[in-house]
Amino acid sequence: MNPAYAPADRAEGRSSTTGVNDVADPREAPAISVTEVIAGIHRVALGTATVGYIQFTGDRFVSLLGSVYNTSVEVAQTLTLDTAVRRLLLA
């Protein structure tokens, strides 16, 4: 490998591995909130930021990724609200 093209982390002697103290404390993670904003449509927020929406279509829950409902994109269809929220947060 040509040292002139080495990544900045390696060129400056920094390690790219994660240490024990680098892992975030789960107690400090932002809260996940699910709020029904209109009948059949739930807003999912992580802290104060909207992650997306869950739309109930009668027999399934559709996970929509995006902070604005009209422009959000479908990322999953599930049978439970809990699973729909998880899939949205992992998208």
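Numbers given to residues run from 1 along each chain, matching the order in which its sequence is written. Selection of residues for local features in this predicted model requires a pLDDT of at least 70, selection of side-chain atom pairs for listing and counting requires 80 or more, and totals for whole chains, interfaces and linings are taken over all residues. As a rule here, side-chain values cover all heavy atoms of the structure and leave hydrogens and water aside.

Describing the overall build of the chain
Our working definition: Helix and strand definitions follow DSSP, with helices as H or I runs of at least four residues and strands as E runs of at least two, each counted in order from the N terminus. Each residue gets one of three labels from its accessible area relative to the maximum for its type: buried under 20%, exposed over 50%, partly exposed in between, using a 1.4 Å probe on protein chains only. Note on contacts: a residue pair is in contact if any heavy atoms of the two residues lie within 4.5 Å. Only the protein chains shown count as covering a residue, and every accessible area follows the Shrake-Rupley method with a 1.4 Å probe.
Scanning the chain from terminus to terminus reveals 2 helices and 5 strands. The N-to-C order of helical and strand elements in the chain reads α-β-β-β-β-β-α. Burial statistics for the chain: of 91 residues in total, 22% are counted as buried. Considering only contacts within the chain whose residues lie at least 6 apart along the sequence, 18% involve residues at least 24 apart. On the chain, roughly 6700 Å² of surface is accessible, and the fraction owed to carbon and sulfur atoms is 54%.

Regarding helix H2 (residues 81-90)
Our working definition: Think of the arc as the fan of directions from the helix axis to the C-beta atoms.
What H2 keeps buried is the set Ala84, Val85 and Leu88. End-on view of H2: buried residues confined to an arc of 100 degrees, all on one side of the axis. Buried residues along H2 sit in contact with strand E1 (32-38), strand E2 (41-46), strand E3 (49-56), strand E4 (61-65) and strand E5 (73-78).

With respect to the pattern of salt bridges
Put simply, the rule is: By salt bridge we mean one thing: a side-chain nitrogen of Lys or Arg within 4 Å of a carboxyl oxygen of Asp or Glu.
Summed over the entire model, instances satisfying the criterion amount to 2 salt bridges. Residue Asp59 is joined to Arg60 by a salt bridge in which the shortest nitrogen-to-oxygen separation is 3.2 Å. Of the residues examined, Asp59 reaches a relative accessible area of 48% and is grouped as partly exposed. Here Arg86 makes a salt bridge to Asp82, at a shortest N to O gap of 2.1 Å. Of the two residues, Arg86 and Asp82 are both situated in helix H2; the distance of 4 residues between them amounts to about one turn of the helix. Looking at Asp82, the relative accessible area reads 45%, which means it is partly exposed.

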